[in-house]
Number of protein chains: 2
Amino acid sequence: VSSRASVAELGEFGLIARLAPTLAWPVSPGLAPGLKLGIGDDAAVWAPTPATWAIITTDALIENVHFRLATTSWYDLGWKSLAVNLSDAAAMGAQPRYAVVSLGVPGDVAVAAIEEFGRGLADVGARYGTALIGGDTVAAPFTTISVTVVGETVPAAPGEPPPLLRRDAGRVGDAVAVTGHLGASAGGLRLLEAAGAAASGGAAATATPLPHAGRAAASAVSADADAAVLRAAHLRPTPRVSAAGLLVAQGVRCGMDLSDGLLGDAQRLADASDVGVVLEAARVPVAPALARLFPDDALALALGGGEDYELLCAGPDGVLAAAGAALAAHGEPALTVVGRLVAPPAAGPRVQVVDAGGVPLAVEGGYVHFRG
Amino acid sequence: VSSRASVAELGEFGLIARLAPTLAWPVSPGLAPGLKLGIGDDAAVWAPTPATWAIITTDALIENVHFRLATTSWYDLGWKSLAVNLSDAAAMGAQPRYAVVSLGVPGDVAVAAIEEFGRGLADVGARYGTALIGGDTVAAPFTTISVTVVGETVPAAPGEPPPLLRRDAGRVGDAVAVTGHLGASAGGLRLLEAAGAAASGGAAATATPLPHAGRAAASAVSADADAAVLRAAHLRPTPRVSAAGLLVAQGVRCGMDLSDGLLGDAQRLADASDVGVVLEAARVPVAPALARLFPDDALALALGGGEDYELLCAGPDGVLAAAGAALAAHGEPALTVVGRLVAPPAAGPRVQVVDAGGVPLAVEGGYVHFRG
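Just so it is clear, the structure is predicted and the values come from calculations on it, not from any experiment.

### Details of the interface of chain A and chain B
The interface of chain A with chain B comprises 73 residues on the first partner and 73 residues on the second. Taken together, both faces of the contact between chain A and chain B bury some 6,000 Å²; the carbon and sulfur share is 72%. Counting across the interface, chain A meets chain B through zero salt bridges. At the surface where chain A touches chain B, the tally comes to 21 residue pairs in polar contact (both at pLDDT 80 or more). Elements represented by at least two residues in the side of chain A that touches chain B include exactly helix H1 (7-10), helix H2 (12-24), strand E2 (44-46), strand E3 (54-62), strand E4 (94-105), helix H4 (111-127), strand E5 (131-139) and strand E6 (144-153) of chain A. Ranked by residue count, the leading element in the side of chain A that touches chain B is H4(A), at 11 residues. Broken down by class, the residue content of the side of chain A that touches chain B amounts to 44 nonpolar, 21 polar and eight charged.

### Details of helix H7 (residues 220-235) of chain A
The terminal C-alpha atoms of H7(A), which comprises 16 residues, lie 22 Å apart, in line with the 22 Å expected from a rise of 1.5 Å per residue. Lining the buried residues of H7(A) we find helix H3 (74-90), helix H5 (184-199) and helix H10 (288-293) of chain A.

### Observations concerning the pairing of E3(A)
Residue and element names in this part refer to chain A. Buried residues dominate E3, accounting for nine of its nine residues. In E3, alternate side chains face the same way, and those of Ala54, Ile56, Thr58, Ala60 and Ile62 on one face and Ile55, Thr57, Asp59 and Leu61 on the other are all buried. By the bridge criterion, three bridges tie E2 to E3 in an arrangement that is antiparallel. Paired with Trp46 across the two strands is Ala54, which belongs to E3. Examined bridge by bridge, E3 and E6 share nine bridges and lie antiparallel to one another. Bridge assignment links Ile55 to a residue of E6, and that residue is Gly151.

### Remarks on the side chain of Thr49(B)
Inspection of the secondary structure puts Thr49(B) in the loop between strand E2 (44-46) and strand E3 (54-62). A distance of 3.0 Å separates the side chain of Thr49(B) from the backbone nitrogen of Thr52(B), its partner in a polar contact. The contact partners of Thr49(B), leaving out residues within four places of it in the chain, are Pro48(A) and Thr49(A).

### Topic: the relation of the copies chain A and chain B
What connects the two chain copies is a rotation about an axis and a shift along it. Once chain A is rotated about the relating axis by 180° and shifted along it by 0.0 Å, it coincides with chain B to within an RMSD of 0.0 Å. What the rotation and shift describe, once combined, is the action of a two-fold rotation axis. With an isologous cut-off of 70% or more, the 100% of interface residues of chain A that recur at the interface of chain B puts this contact in the isologous class.

### Regarding the packing of aromatic side chains
Tallying each qualifying case throughout the model produces five aromatic pairs over all chains. Judged by centre distance (4.9 Å) and plane angle (35°), the ring pair of Trp46(A) and Tyr98(B) falls under tilted. Residue Trp46(A) is found in strand E2, and its partner Tyr98(B) is found in strand E4 (residues 94-105); the two belong to separate chains. Under the relative-accessibility criterion, Trp46(A) is labelled buried at 8%. Residue placement shows Arg190(A) over the ring face of Phe294(A); its charged tip is 5.1 Å from the ring centre. Here Arg236(B) stacks its cationic end above the ring of Trp79(B), 5.9 Å away from the centre of that ring.

### Observations regarding the packing of H3(A) against H4(A)
Residues and elements named next belong to chain A. The N-to-C vectors of H3 and H4 enclose an angle of 35°; their axes lie 6 Å apart at closest approach. Viewed along their axes, H3 and H4 form a crossing whose handedness is right-handed. Contacts between H3 and H4 involve Trp74, Tyr75, Leu77, Gly78, Trp79, Ser81, Leu82, Ala83 and Leu86 on the former and, on the latter, Ala113, Ile114, Glu116, Phe117, Arg119, Gly120, Leu121, Asp123, Val124, Gly125 and Arg127. The residue inventory of the contact of H3 with H4, partitioned by class, reads 12 nonpolar, four polar and four charged.

### Some remarks on unusual backbone geometry
Residues and elements named next belong to chain A. One non-glycine residue, Asp274, adopts positive backbone phi at about 55°. Looking at where Asp274 falls in the secondary structure, it is placed in the loop between helix H9 (262-273) and strand E9 (276-280). By relative accessible area, Asp274 is classed as partly exposed at 47%. Unusually for a residue other than glycine, Tyr309 sits at a positive phi of about 55°. For Tyr309, the location among the structural elements is in the loop between helix H11 (298-304) and strand E10 (311-315).

### So, the sheet that holds strand E1 (residues 35-37) of chain A
Residue and element names in this part refer to chain A. Judged by pairing direction, the sheet is mixed, and its six strands sit side by side in the order E1-E2-E3-E6-E4-E5 without closing on themselves. Either end of the sheet is taken by a strand with one partner, and the two such strands are E1 and E5. The average undirected angle you get between the axes of adjacent strands in this sheet is 20°. Where H4 meets the sheet, it contacts E4, E5 and E6, and its direction lies at approximately 170° from that of E4.

### Focus on the confidence of the model for chain A
Residues and elements named next belong to chain A. Here chain A shows a mean pLDDT of 89. Residues at 70 or above account for 91%. Confidence drops under a pLDDT of 50 for residues 203-208, and excluding neighbours within four residues, the segment shows six contacts in the predicted structure. Here the predicted complex carries an ipTM of 0.89, next to a pTM of 0.91.

### Some details on the environment of Leu341(B)
All names here are of chain B. Secondary-structure assignment places Leu341 in strand E11 (residues 335-342). On the basis of relative accessibility, which here comes to 1%, the residue Leu341 falls in the buried class. When the C-alpha atoms of Leu341 and Leu269 are compared, they prove to be 9.9 Å apart, with 72 residues separating the residues in sequence. Excluding residues within four positions of it along the chain, Leu341 makes contact with Gly170, Arg171, Val172, Gly173, Asp174, Val176, Leu269, Val275, Gly276, Val277 and Ala314.

### Here's the deal with the sheet that holds E3(B)
Residues and elements named next belong to chain B. With respect to topology, six strands assemble into an open sheet ordered E1-E2-E3-E6-E4-E5, the strand pairing being mixed. The two strands at the open ends of the sheet, each matched to only one other strand, are strand E1 (35-37) and strand E5 (131-139). Within the sheet, the average angular offset between the axes of one strand and its neighbour, ignoring direction, is 20°. Pairing analysis gives eight bridges linking E4 to E5, with the strands arranged parallel. Residue pairing for E5: Leu103 is matched across the bridge by Thr137. Along the sheet, helix H3 (residues 74-90) contacts E3, E4, E5 and strand E6 (144-153); its crossing angle with E3, the most-contacted strand, is approximately 145°.

### A few points about H9(A)
Note: α-helices contain 3.6 residues per turn, so residues at a spacing of three or four share the same orientation. All names here are of chain A. Compared with an ideal rise of 1.5 Å per residue, which puts 12 residues at 16 Å, H9 spans 16 Å between its outermost C-alpha atoms and is within 8% of the ideal. Listed in full, the buried residues belonging to H9 are Leu262, Leu263, Asp265, Ala266, Arg268, Leu269, Ala270 and Ser273. Trailing H9 by a residue or two, Asp274 shows a phi angle of about 55°, which is positive.

### Overview of the pattern of salt bridges
All names here are of chain B. For the coordinates displayed, the defined rule picks out 34 salt bridges over all chains. Residue Lys80 pairs with Glu307 through a salt bridge whose shortest N-O separation is 3.0 Å. Separated by 227 residues along the polypeptide, Lys80 in helix H3 and Glu307 in the loop between helix H11 (298-304) and strand E10 (311-315) bring together distant segments of the chain. Overall, Glu307 belongs to the partly exposed group, its relative accessible area being 22%. Arg119 is the partner of Glu116 in a salt bridge, and the nearest nitrogen-oxygen pair spans 3.0 Å.

Rules used throughout
Residues numbered from 1 in each chain as written. Chains lettered and ligands numbered in written order. Predicted model: local features only at pLDDT ≥ 70, side-chain atom pairs only at ≥ 80, totals over all residues. Heavy atoms only, no water. Contact = heavy atoms within 4.5 Å. Buried area = accessible area lost by both parts, 1.4 Å probe. Salt bridge = Lys/Arg side-chain N within 4 Å of Asp/Glu carboxyl O. Polar contact = N/O pair within 3.5 Å; in protein donor to acceptor, adjacent residues only side chain to side chain. Helix = DSSP H or I, 4+ residues; strand = E, 2+ residues; numbered from the N terminus. Nonpolar A, V, L, I, M, F, W, Y, C, P; charged D, E, K, R; others polar. Expected span 1.5 Å × (residues − 1). Buried < 20%, exposed > 50% of the residue type's maximum accessible area, 1.4 Å probe, protein only. Pairing = 2+ DSSP bridges. Least-squares fit on C-alpha atoms with pLDDT ≥ 70 in both. Phe/Tyr/Trp six-rings, centres within 6.5 Å; stacked < 30°, edge-to-face > 60°. Lys NZ or Arg CZ within 6 Å of the ring centre and 35° of its normal. Axes fitted to C-alpha atoms, helices over the stretch in contact; angles between N-to-C directions. Left-handed = near helix turned anticlockwise from the far one by under 90°. pLDDT = per-residue confidence, 0-100.

In structure tokens:
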């Protein structure tokens, strides 16, 4: 893409890759001797001390791009703004410690709303051991939020560098696994968008697929409970801070968080590690509430939907088995093997979805098309 | 102000103060044992090691609130976005080390513009020893930028905590001083706004005061040079990183950067240190180019205009004299004593401007009204 192209043509991920060399050039002449990892992973890493390294990550949320105030409470907005950054810290295998927030809001927003936002930030911070220690509040035509989290790695054995979960540490032959269940957040977003459109009387209300209503076994009460689970997964995600710590302690060294959907994030892991990824469709742990409410789309949402904030990792079978046992022993979500790292293909996509017999499936927008 | 009030009624500084207890509450139960300084100064401080502390600061810039793309190049925008954060790091007496940037832009912005933005960031980072190590680029209806800088303090003598420049370290009797000259940025903004309004044919072009044109000694060439100096002061500010290091090394312990104007920032220092401030109008180092181009408004812009990013500090006379000598010896801008910290007044404003005889002057919006 030429420099005369627009940002939209390049796309968000293309833009970061395009900017990295420009931003990174002063690093090379020894500007940052303590730097261990720059742009390109879930967080950057430097070494204030040899034994414990520091990580930093930042994420922006923009009104009507990443959230709508019609379907998101200020409390949930505060929660999610910090939670997605805590997830990035966890995705490096680090413990998040401190956070700062930049908040731009229109002048007519009520102070009570900002206080609710602050409570959401503070509550998720307290739950995951992260203190809000600074910020900047400015006027803006609509709400914009940027949160930065600093964390620290788990010290290693004396003389060894602290372990990290890196995107580029995958090796051919590694098993690929995910924590928890996938697709719940995308299902929750679908419910919220449908409700928002219905409330505003828009035509989109009928265009958005609504929950499956014809299953004899599902009572209205349990459908409501399932819907609540999906909405909560979208509005108040759970960063896998403790689970990531256990993965690292068990020797897992390749990992990232699932913010953009399993297919897209597996692609990024494959690019960073220079490998291919084979995912077995039947092994993907679809969120049960999603499978009940949207049976036809559940797999597509689990493969292609984003914002699950579960962990995607890779490692030798024995290491992942031990890690899974550690998660189970600590009451953390299950670790499910969903595929394997393979030699990078000479051409074509690096991520392939196969059926139980290993036969490749055609996938479009997360939707799996069974061939022949 | 009640919670039902709007953000506009409370104002930016009121909002931060209002939010601080909400954000800070989880810190108290021992959540952040290494925290040395939370919300309320130019940056937050924690102690990854006993000898060297870390600081973090964040600042947001919003299109049409903090800058206009009609009068700001993308390069300058990148420069300034990082420079204002480097200034906050310097204002703690710390060396900035690493920066991350969140950038929200409309999809129709050219990739070349973002590359220019990146070059501005990288250049100012390289000049002041700060590496860009991470970021997030997102779609937004207009340009929003948030930069976070992490730095480290200068190690102290063994066994002593690292020294900081804190807002709350001022003591009654301390002299008050500023680095460099004031008002240039506000003068530059006035020139840019006038040019922007003239270019767009708006009525504001005539309403905005234009440079003084009637001085016999000032050739058109030198007026152009003065205008260029003022515009550069606004668009490409110089963070006082080295100067701050010298102040700290000389024992200065109270300081902050001048981002919102001498009067407003002196007020914040007075609040934090629980003192009063007396400023002597005739001692304020008005930028020479400003005094030539806007002789009638120069003092008002130096007192009330913002974004100079010079340092405001306080300390015993001998300490400030030694610090001033150190700045001069290193080719840094002059340190000018402009007043003194006094006992806080029982009522009325904490900051008072006086004439050379000590007689209080009435000040409104930076404009000094001579009484009687």
